[in-house]
Amino acid sequence: MKENIRKHWPTPKNPLAIISSNLQYRHMRLRSTAIHAMRQATSKYASFQNLKQGFVNLDTLLARGRHSLAAHLPGLIQPQPALLTVAITARCNLRCIGCRYGRDFMPNQQLPLGTVENLLVDAREAGFQTVRLYGGEPLLHRDLPRMVSAACRLGIRPYVTTNGILLADKIGALYEAGLRALTIGFYGTNTAYDEYVQRRAAYANLENGVAAVRDRYGMDIQIQINFLLTTLSCRVSAVEEAIQFAERHRTRFQVDIAHYSLPYFTEGIDHQLQFATKYRDSLETVTKELLRFKDRRPDLYPESHASIRSIPHWAIKGRAMRVPCTAYRMIWVGADGTVQLCYVTFNLGNLHKTRLKDMLFTEAHKQASRDAFALNCPNCHCHRDERIRSHAASQQTYRQ
Ligand code: SF4
Ligand code: SF4
């Protein structure tokens, strides 16, 4: 398998490029192995937690240095596969205002188990450490537990992003398969949630599902809620309710900002979800609330202070927010088998025709990585915290 990857590693033309290329390949494999070993150790011994944090901090500093140099030496940016994100199905049981899944985005497409198993084998060989299984609504895919199990067997950490509606029924099989991490889209509480997802009593199902996970498995399963910040939820009261949910169920907390370039996201009727300059004050107010929560519960809210402070700029500036992108660390797979560098763009092929291993480390993959870093793309808010942490200029701008 290793030979297969080497076969696709482009043949550099000069000795320096050969050394650089080989170093990056080895770095990628070593990094993956070290992170895997670190995860094993920290899950067993609490005293390793500080070591793990030190490793993460060192990795961030190295990335910041590399990004600064890469502004002048673009060749420093190479594919560094770490996160594989797979939309295993386009079906969904909700009808969120801001989403096209379950309707006109890849309608009825679903990835077969065998395709996902091959994908995971190739991903392991390429050094991916984490796989995100999502959709659509991934709990609607009957083979999700077997996909989780396959990832665990290969040593890739799986997590599932779900709307949580079916959690109470499905969590048992997923836990048995080895799942220990969930992220959940959070679109408000009570009627605000039901109106956004356009389903009656959906919020009650979500909260029951999360409570069921905690009742049965305690803190053995890490849960994170992803609070969607749109013009509808940009209120202190909405943020407070989400924070109360997080504290009630001991979930981690993240903020996703209304997208403007994701192919499956819509901005609602007359762009009702999308931010404009007139929302500056409410964004600043909400950001202050988020910073207070961060100071009070850093254990629940891992986003960096600088990244939180940058939220109003991401929301209002849109494409004009020029923070180099770290998509060179990921691969996105759609429910129809499409393989891209990221959620939005840089098509690399289709799993129904080509194995992942034959799409990685090609010239197209390398060029896509460099273009992503240089933002030769539609731009988006994805991986906001990682991008801000790795960008020296943003560290200056958002320090206070
Ligand atoms: S945002 Fe998620 S839960 Fe809502 S319709 Fe889209 S896929 Fe379904
Ligand atoms: S900033 Fe560009 S490369 Fe990065 S995830 Fe968004 S669209 Fe993709």
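Residues numbered from 1 in each chain as written. Chains lettered and ligands numbered in written order. Predicted model: local features only at pLDDT ≥ 70, side-chain atom pairs only at ≥ 80, totals over all residues.

Draft legend 1. Focus on the site of ligand 2. Around ligand 2 lies a shell of 14 residues, among which Cys325, Cys342, Ala372, Cys377 and Cys380 are the nearest. The residue inventory of the shell around ligand 2, partitioned by class, reads 11 nonpolar, 3 polar and no charged. (Near = placed C-beta within 6 Å. Nonpolar A, V, L, I, M, F, W, Y, C, P; charged D, E, K, R; others polar.)

Draft legend 2. Structural view of the pairing of strand S3 (residues 157-162). Within S3, 5 of the 6 residues are buried, which leaves the element mostly enclosed by the surrounding structure. In this structure, strand S2 (residues 130-134) lies alongside S3, joined through 4 bridges in parallel fashion. Within S3, the residue paired with Thr130 across the bridge is Arg157. With 3 bridges connecting them, S3 and strand S4 (residues 181-186) associate as parallel partners. What sits directly across from Thr161, in S4, is Thr183. The handedness of the S3 to S4 crossover, carried by helix H6 (residues 167-177), is right-handed. (Buried ≥ 20, exposed ≤ 12 C-beta atoms within 10 Å, placed from the backbone. Helix = DSSP H or I, 4+ residues; strand = E, 2+ residues; numbered from the N terminus. Pairing = 2+ DSSP bridges. Right-handed = clockwise from strand over helix to strand, strands pointing away.)

Draft legend 3. Examining the site of ligand 1 more closely. Around ligand 1 sit 13 residues, and of these Cys92, Cys96, Cys99, Tyr101 and Asn163 come closest. The residue inventory of the shell around ligand 1, partitioned by class, reads 6 nonpolar, 5 polar and 2 charged.

Draft legend 4. Seen up close, the packing of helix H9 (residues 236-249) against helix H10 (residues 280-296). Contact pair H9 / H10: the axes reach a minimum separation of 9 Å and the direction vectors enclose 25 degrees. Compared by their axis directions, H9 and H10 come out roughly parallel. In the crossing of H9 with H10, the sense of the turn from one axis to the other is right-handed. On H10, the residues that touch Val236, Val239 and Ile243 of H9 are Thr285, Val286, Glu289, Leu290 and Phe293. (Axes fitted to C-alpha atoms, helices over the stretch in contact; angles between N-to-C directions. Parallel < 35°, antiparallel > 145°, perpendicular 65-115°, else oblique. Left-handed = near helix turned anticlockwise from the far one by under 90°. Contact = placed C-beta atoms within 7 Å.)

Draft legend 5. Up close: the environment of Arg384. Assignment of secondary structure puts Arg384 in helix H14 (residues 384-389). For Arg384, a count of 23 C-beta atoms within 10 Å translates into the label buried. Note: C-alpha distance between Arg384 and Pro324 (60 residues apart in sequence) is 10.0 Å. Ignoring any residue separated from it by four or fewer positions in sequence, one finds Arg384 in contact with Ser307 and Trp314.

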